[in-house]
Amino acid sequence: RQYFEQDMDVVLIDTGHSYEGLCHYYQGQYITYSEDKPITMNPFNFTKVEFNEEKREFLKALIGLLWKGADGILNQIEDTMLSKVIHHYYDAYWNQKISELNFNSFYDFSIHQIAEISGAEVIPFDLETYRFVLKKFYKGGHYASILNQDMEKSLFEAPFIVFEIDAIKEHKILFPITTLIIMDVFLQKMRMKTNRKCLIIEEAWKAIASPMMAGYILYLYKTIRKFRGEAIVVTQELDDIIGNQIVKDSIISNSDC
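The following refers to the structure shown. Each chain has its residues counted from 1, running along the sequence as written. Owing to the predicted nature of the model, reporting of local features is limited to residues with pLDDT of at least 70; listing and counting of side-chain atom pairs is limited to 80 or more, with chain, interface and lining totals taken over all residues. With hydrogens and water set aside, each side-chain value is computed from the structure's full complement of heavy atoms.

### Details of the overall build of the protein chain
For step 1, the next point in the chain: Put simply, DSSP marks the helices as runs of H or I at least four residues long and the strands as runs of E at least two long, and each gets a number from the N terminus on. Along the protein chain, the regular secondary structure elements total 11 helices and five strands.
For step 2, the next point in the chain: In terms of C-alpha radius of gyration, the protein chain reaches 18 Å, essentially the compact-globule figure of 18 Å for 257 residues.
For step 3, the next point in the chain: A principal-axis box enclosing the C-alpha atoms of the protein chain has dimensions of 55 × 35 × 35 Å.
For step 4, the next point in the chain: With a 1.4 Å probe rolled over the protein chains alone, any residue whose accessible area is under 20% of its type maximum counts as buried; one over 50% counts as exposed, and the rest are partly exposed. The buried share of the protein chain, taken over its 257 residues, is 50%.
For step 5, the next point in the chain: By definition, residues are in contact when any of their heavy atoms lie within 4.5 Å. Nonlocal contacts in the protein chain, meaning residues at least 24 apart in sequence, comprise 74% of its contacts between residues at least 6 apart.
For step 6, the next point in the chain: In the structure as shown, the protein chain presents an accessible area of about 13000 Å², 50% of it carried by carbon and sulfur atoms.
For step 7, the next point in the chain: Distance from the positive charge centre (27 side chains) to the negative charge centre (36 side chains) of the protein chain: 5 Å. A radius of gyration in this sense is built from C-alpha atoms; the matching globule rule multiplies 2.2 Å by the number of residues raised to 0.38. For the area figures, the Shrake-Rupley method with a 1.4 Å probe applies, and any residue is considered shielded solely by the protein chains shown. Here Asp and Glu are counted as negative and Lys and Arg as positive; His is not counted, and neither are the chain ends. Taken as the charge centre is NZ of Lys, CZ of Arg, CG of Asp or CD of Glu, depending on the residue.

Next up, the structure:
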């Protein structure tokens, strides 16, 4: 409340509806997840100007998360392969070989590209598992809408946003994916808006403290202060933070208290 009154953009990820009253009182955007109306985003759709190292790493983390799950880790070959495919995908789009940017077109492109690269380089890659696992996010799949429909554009300008994801907090697939993409929405706001801004991650912390996600948190903590921003994690278990070898030093070093 104090941050909002000081002209600071606040993005809050919550589980438990703790901020519903406060958000409505200040006429903020309160976004909840439900089966009928899931939180949908199209993280693949952005301009050439926005295609930087940060975006490439985000997409690689997202695809790795879809494929391996929150506790999975990409090996060196998989990491390099996804980096190459992402780069080639956007090259193809900007050269008008792909008509639209979304998960559907990336899925089609990546399967063809991975087969081509692994064949040419004679390297092992589990393409069948990749194809099968990611298919549920592709058109006709159970989660087809999640990554193929643009998020509400007004969120970029909204000064107070609460994402309430209590309905999926136990969902091993949707919870970390939704949290990661919300964080990317914040990063774009952080980079492009000139006022102060704050990302508050409530009890959703546990979902993003996995090996697949921790590198992204580390990047956020090291970068956010350069853009007049602040990141806050809220947890009842101190060990959630100090027990995470990847992020603990960065969070402790960048926290005033």
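### Describing unusual backbone geometry
For step 1, the next point in the chain: With a phi close to 50°, Val122 is a non-glycine residue in the positive phi region.
For step 2, the next point in the chain: You can see Val122 is positioned in the loop between helix 5 (103-121) and helix 6 (127-134).
For step 3, the next point in the chain: Phi is positive for Arg228, which is not a glycine, with a value near 55°.
For step 4, the next point in the chain: Mapped onto the elements of the fold, Arg228 is located in the loop between helix 9 (211-223) and strand 5 (229-233).

### So, a nonpolar patch on the surface
For step 1, the next point in the chain: Taken together, Leu238, Ile242 and Ile252 make up a surface patch of nonpolar side chains, about 290 Å² in accessible area.
For step 2, the next point in the chain: Along the polypeptide, Leu238 turns up in the loop between strand 5 and helix 10 (239-242). Like charges are joined within 9 Å and nonpolar side chains (Val, Leu, Ile, Met, Phe, Trp, Tyr) within 5 Å, but only among residues with over 30% relative accessible area and no salt bridge; these make up the patches. We define a salt bridge as a side-chain nitrogen of Lys or Arg found within 4 Å of a carboxyl oxygen belonging to Asp or Glu.

### Overview of the pattern of salt bridges
For step 1, the next point in the chain: Counted according to the given criterion, the structure contains nine salt bridges.
For step 2, the next point in the chain: For Lys68, the salt bridge is made with Glu78, and the minimal N-O distance between the two is 2.9 Å. Of this pair, Lys68 sits in helix 3 (residues 53-68) while Glu78 sits in helix 4 (residues 76-94), and the two are 10 residues apart along the sequence.
For step 3, the next point in the chain: The exposure class assigned to Lys68 is partly exposed, which follows from its relative accessible area of 31%.
For step 4, the next point in the chain: Its relative accessible area of 8% is what places Glu78 among the buried residues.
For step 5, the next point in the chain: A salt bridge links Glu157 to Lys193; its shortest N-O distance comes to 3.9 Å. Of this pair, Glu157 sits in the loop between helix 6 and strand 3 (160-164) while Lys193 sits in the loop between helix 7 (174-192) and strand 4 (197-201), and the two are 36 residues apart along the sequence.
For step 6, the next point in the chain: With a relative accessible area of 14%, Lys193 lands in the buried category.

### Details of the sheet that holds strand 2 (residues 29-32)
For step 1, the next point in the chain: The five strands are arranged 2-3-1-4-5 in an open sheet whose pairing can be described as parallel. Edge positions in the sheet fall to strand 2 and strand 5, since each has one partner strand and no second. Averaged over all pairs of adjacent strands, the angle between strand axes in this sheet comes to 10°, irrespective of strand direction. Any two strands with at least two DSSP-identified bridges between them are counted as paired. Geometry is summarised by axes, namely lines fitted to C-alpha atoms with helices restricted to the contacting stretch, and by angles between N-to-C directions that run from 0 to 180 degrees.

### Structural notes on the packing of helix 5 against helix 6
Angle between the axes and distance between the axes: these two values describe a pair of packed helices.
For step 1, the next point in the chain: Where helix 5 meets helix 6, the closest approach of the two axes is 11 Å, and the angle between their N-to-C directions is 170°. By the angle class used here, helix 5 and helix 6 are roughly antiparallel. Contact residues: helix 5 offers Phe103, Phe106, Tyr107, Ser110, Ile111, Ile114 and Ala115, while helix 6 offers Leu127, Tyr130, Arg131 and Leu134.
For step 2, the next point in the chain: Think of it as three bins: nonpolar holds Ala, Val, Leu, Ile, Met, Phe, Trp, Tyr, Cys and Pro, charged holds Asp, Glu, Lys and Arg, and polar takes everything else, Gly as well. Taken together, the residues of the contact of helix 5 with helix 6 sort by class into nine nonpolar, one polar and one charged. In this scheme, roughly parallel covers angles under 35 degrees and roughly antiparallel covers those over 145, while 65 to 115 is roughly perpendicular and the rest are oblique.

### A short note on the nonpolar core
For step 1, the next point in the chain: Within this scheme, the nonpolar core is defined by two criteria: the residues are buried Ala, Val, Leu, Ile, Met, Phe, Trp, Tyr or Cys, and they are joined through side-chain atoms within 4.5 Å. Residues Phe44, Tyr90, Phe103, Tyr130 and Leu134 are the most contacted members of the largest nonpolar core, which totals 73 residues.
For step 2, the next point in the chain: Element by element, the count of residues in this core is highest for helix 7, at 10 residues.
For step 3, the next point in the chain: When near neighbours in sequence (up to four residues on either side) are disregarded, Tyr130 contacts Ile63, Trp67, Leu82, Phe106, Ser110, Ile111, Ile114 and Phe125.
For step 4, the next point in the chain: Within the second largest apolar cluster, 10 residues are counted, among which are Met8, Cys23, Tyr26 and Phe160.

### What about the pairing of strand 4?
For step 1, the next point in the chain: In terms of burial, strand 4 is largely enclosed, as five of its five residues are buried.
For step 2, the next point in the chain: The two faces of strand 4 match: Lys197, Leu199 and Ile201 on one face and Cys198 and Ile200 on the other face are all buried.
For step 3, the next point in the chain: Judged from the five bridges that link them, strand 1 (residues 9-14) and strand 4 form a sheet pairing that is parallel. Its bridge partner lying in strand 4, Leu12 is registered against Ile200.
For step 4, the next point in the chain: Pairing geometry for strand 4 and strand 5, over five bridges, is parallel. By the bridge assignment, Cys198 is partnered in strand 5 with Glu230.

### With respect to the packing of aromatic side chains
For step 1, the next point in the chain: Centres within 6.5 Å are what make two rings of Phe, Tyr or Trp a pair, Trp counting through its six-membered ring; a difference in plane orientation under 30 degrees is then read as stacked, over 60 as edge-to-face, and the rest as tilted. Evaluation of the coordinates by the stated rule reveals 21 aromatic pairs.
For step 2, the next point in the chain: Note on Tyr89 and Phe106: the rings are 5.1 Å apart at their centroids and 85° apart in plane angle, and the pair reads as edge-to-face. In this pair, Tyr89 sits in helix 4 while Phe106 sits in helix 5, placing the two residues 17 residues apart along the sequence. Comparing Tyr89 with Phe106, the two get one shared label, buried.
For step 3, the next point in the chain: Ring-over charges, as used throughout, are those where CZ of Arg or NZ of Lys falls within 6 Å of the ring centre and within 35 degrees of the ring normal. Sitting over the face of the ring of Tyr3, Arg196 holds its NZ or CZ atom 5.9 Å from the ring centroid.

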